[in-house]
Amino acid sequence: PVRTVSISPFFMGEVEVTWDEFWTFYSQTMSEGRLAPEDVYANNASNVDAISGPTPPFGNPGQGWGSGDRPAITMSPYAAQIYCQWLSGVTGKTYRLPTEAEWEYACRGGTNTAYFFEGDPKRFSSKGLRNRIFGVDTTNINSFTVYALNSGGKTQDPSYVKTNPFGLRNMAGNVFEYCSDWYAPDAYAQTGQEVTDPRGPDSGTEYVIRGGDYSSEAEELRSASRASTDSEAWLKTDCQQPKSIWWYSDMKGIGFRVVCEPDGLISTSSSP
C-alpha cells in the first residue's frame, strides 16, 4: 500500500561498497587475534582495535568477476553491520545501513513511477508472447540497470550504468542491497497513512533486501519491489559447524551501500 513518508536528511554512498573498500576493512579487522564476534557490540564503536572483522571467506568471494570498484558480495548482514561500525570508528562519523524507507526514497530520486527512469515493466520484460514475437526495446533500462538481459551473468563496475536523479548508481540491479529493517511481508500494512522515519518491525529472523541483482528480470527492479534474506538457503553448502556469520556460501548477488548521518540538519518531508 502507498504511504506518505517523511524522511530525515541523510547522506548515501554513490555506489555499493566496493571490494577495495571491503578488503581495507578486512585487512584491519580480521578475526584472528581479536575479540570474538559476540563481544563486538559490547565494545565502544570508536575503539577500532576492538572490532573483530570477517574470518577468511569461502574460496573466491568475488567469483573471479573482478575486484577493485565492483561491489563487494557474499557477505552476511552481520558483516555489513560491522563494516559500518568500523567505518564509523575510523572516520568519527556515524555510518550505518539504510532503512528500507531511506533506500526507496534514494532509489526513486524524486520520482513516483515504477522506475526512476522512463519505462513500463511489462514492456521491458522478456516474458510474454508479444514481447517474444516483436522483441523488447531495452535501450533505456540498459542505460541505468545491470540485470538479466545485459549483465553477462555477473556483477559490473559502477561505470557500466548512468546515475539516478540523486546521483546514485545501481540503485536498481547489479546486487541486492541490505537494509537495516527486519523483514515482514505486511510491514507497510502495519503503519498509518502518514509515517515519519519508519524502521520496520522490532524483531525478526530475516532482513529486508532491495534493488534486485544481475540475474533479476526487469519487473523485479521496480523502485517499490522488496524481498528478504534467506539465510538458511544461502548457507546450505557451508559445511562449518556452526555456519559462518560472516559469509554466505550460496548467494552471489548480495552487497550493500552505506548511509552517513549528517550533523545539525533539519528534517524535511517527501511523498514518494
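Residues numbered from 1 in each chain as written. Predicted model: local features only at pLDDT ≥ 70, side-chain atom pairs only at ≥ 80, totals over all residues. Heavy atoms only, no water.

Asker: Quick one: what's the story with the overall build of the protein chain, residue by residue and with numbers?
Answerer: Counting its secondary structure elements, the protein chain contains seven helices and nine strands. Long-range contacts, defined as pairs at least 24 residues apart, comprise 75% of the intrachain contacts of the protein chain with a sequence gap of at least 6. Surface accessibility of the protein chain: about 13000 Å² in total, with carbon and sulfur atoms responsible for 50%. (Helix = DSSP H or I, 4+ residues; strand = E, 2+ residues; numbered from the N terminus. Contact = heavy atoms within 4.5 Å. Areas by Shrake-Rupley, 256 points an atom, 1.4 Å probe, with all protein chains shown as cover.)

Asker: I'd love a proper account of the pattern of salt bridges, names of residues and values included.
Answerer: What the rule picks out here adds up to 10 salt bridges. Between E14 and R169 there is a salt bridge; the shortest N-O distance is 3.4 Å. In this pair, E14 sits in the loop between β2 (11–12) and α1 (19–29) while R169 sits in the loop between α6 (139–144) and β4 (176–182), placing the two residues 155 residues apart along the sequence. Given a relative accessible area of 42%, E14 falls into the partly exposed group. Of the charged contacts, one joins E102 and R96 as a salt bridge, the two residues approaching to 2.8 Å between their closest N and O atoms. When its relative accessible area of 5% is taken as the criterion, E102 is described as buried. A relative accessible area of 16% places R96 in the buried class. Sharing partners across several salt bridges, the network here consists of E100, E104, R108, R210 and R226. (Salt bridge = Lys/Arg side-chain N within 4 Å of Asp/Glu carboxyl O. Buried < 20%, exposed > 50% of the residue type's maximum accessible area, 1.4 Å probe, protein only.)

Asker: Go over the nonpolar core with me, naming the residues and quoting the values.
Answerer: The biggest cluster of nonpolar side chains holds 34 residues, and the ones touching the most others in it are F22, M75, Y83, Y178, Y248, I254 and F256. Among the secondary structure elements, those contributing two or more residues to this core are α1, α2 (77–91) and β4. Ranked by residue count, the leading element in this core is α2, at eight residues. With sequence-adjacent residues up to four places away left out, M75 is seen in contact with F22, A80, Y178, W246, W247, Y248, I254, G255 and F256. (Core = buried A, V, L, I, M, F, W, Y, C linked by side-chain atoms within 4.5 Å.)

Asker: Describe the packing of α1 against α2, naming the residues involved and giving the relevant values.
Answerer: Put simply, α1 and α2 touch, their axes get as near as 11 Å, and they point 80 degrees apart. One finds that α1 runs roughly perpendicular with respect to α2. Contacts from E21, F22, T24, F25, Q28 and T29 of α1 reach α2 at A79, I82, Y83 and W86. A breakdown of the residues in the contact of α1 with α2 according to their chemical character gives six nonpolar, three polar and one charged. (Axes fitted to C-alpha atoms, helices over the stretch in contact; angles between N-to-C directions. Parallel < 35°, antiparallel > 145°, perpendicular 65-115°, else oblique. Nonpolar A, V, L, I, M, F, W, Y, C, P; charged D, E, K, R; others polar.)

Asker: I'd like a rundown of the sheet that holds strand β3 (residues 95–96), residues and numbers included.
Answerer: Note on sheets: strands pair through backbone hydrogen bonds, and any given pair is parallel or antiparallel. In space, the three strands of this open sheet follow the order β2-β9-β3, with antiparallel pairing throughout. Only two strands of the sheet have a single partner each, and these edge strands are β2 and β3. Bridge count for β2 against strand β9 (residues 259–260) is two bridges, and the pairing is antiparallel. What sits directly across from F11, in β9, is C260. (Pairing = 2+ DSSP bridges.)

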